[in-house]
Amino acid sequence: LFAVSDAVVLPYRQTYMGGSSGVFVQAALARRPVIVPEFSPFGPTAKQFQLGIPFEPENPESLAHAMDDMVATHTQVVKAARFDDYVADIPGWRTFVEDWIS
């Protein structure tokens, strides 16, 4: 599904603040831009690696505007995205294990 999508929308609510998302990672692995809530870790990560467009969580108008922006600027967003840099920055399980045993 990621391969045939132009972009991936993650309409998480504020209760998901600070959470993680396999969907976010899978979108990057498929080199698909994302539309994400502004809160951490999604908004800041998308901004840092230019992975997509943020929206104000729990605001349907903001989400609709972000989706319109993605349609209008999709080519530029994809060209600017640093998918490989983001994927390379994801800590592997070895990091977690080494931190745990040290």
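## Regarding unusual backbone geometry
Residue P41 follows S40 across a cis peptide bond; omega there is 5°. You will see that Q50, though not glycine, has its phi angle at about 55°, which is positive. Tracing the backbone through its elements, the reader meets Q50 in the loop between α2 (42–49) and β3 (52–55). Residue classification places Q50 among the partly exposed positions, given a relative accessible area of 40%. In this structure, E58 takes a positive phi of about 60° despite not being glycine.

## A few points about the pattern of salt bridges
Tallied over the entire structure, the rule returns two salt bridges. In this structure, the salt-bridge partner of D84 is R31, at a minimum N-O distance of 2.9 Å. Residue D84 is located in helix α4 (residues 83–89), and its partner R31 is located in the loop between α1 (22–29) and β2 (34–37); the two are separated by 53 residues in the primary sequence. By relative accessible area, D84 is classed as exposed at 54%. We classify R31 as partly exposed; its relative accessible area is 41%. Measuring nitrogen to oxygen at the nearest pair gives 2.8 Å for the salt bridge that ties D85 to R82. What makes D85 partly exposed here is its relative accessible area of 39%.

## Structural notes on the nonpolar core
In this structure, L10, F24, V34, V36, L51 and Y86 are the most contacted members of the largest nonpolar core, which totals 15 residues. For this core, the secondary-structure elements that each account for two or more residues are α1, β2, α2 and α4. Residues in contact with Y86, not counting those within four places in the same chain, are F24, V25, A28, T45, F49 and L51.

## Comments concerning the side chain of S21
Assignment of secondary structure puts S21 in the loop between β1 (8–9) and α1. Reaching out from S21, the side chain makes a polar contact with the side chain of Y12 at a distance of 2.7 Å. There is a polar contact of 3.2 Å between the side chain of S21 and the backbone nitrogen of V23. When residues no more than four places from it in sequence are discounted, the contact partners of S21 are L10, Y12 and F42.

The rules behind these values
Residues numbered from 1 in each chain as written. Predicted model: local features only at pLDDT ≥ 70, side-chain atom pairs only at ≥ 80, totals over all residues. Heavy atoms only, no water. Helix = DSSP H or I, 4+ residues; strand = E, 2+ residues; numbered from the N terminus. Buried < 20%, exposed > 50% of the residue type's maximum accessible area, 1.4 Å probe, protein only. Salt bridge = Lys/Arg side-chain N within 4 Å of Asp/Glu carboxyl O. Core = buried A, V, L, I, M, F, W, Y, C linked by side-chain atoms within 4.5 Å. Contact = heavy atoms within 4.5 Å. Polar contact = N/O pair within 3.5 Å; in protein donor to acceptor, adjacent residues only side chain to side chain.

Everything listed here is a matter of geometry and, on its own, says nothing about what the molecule does.
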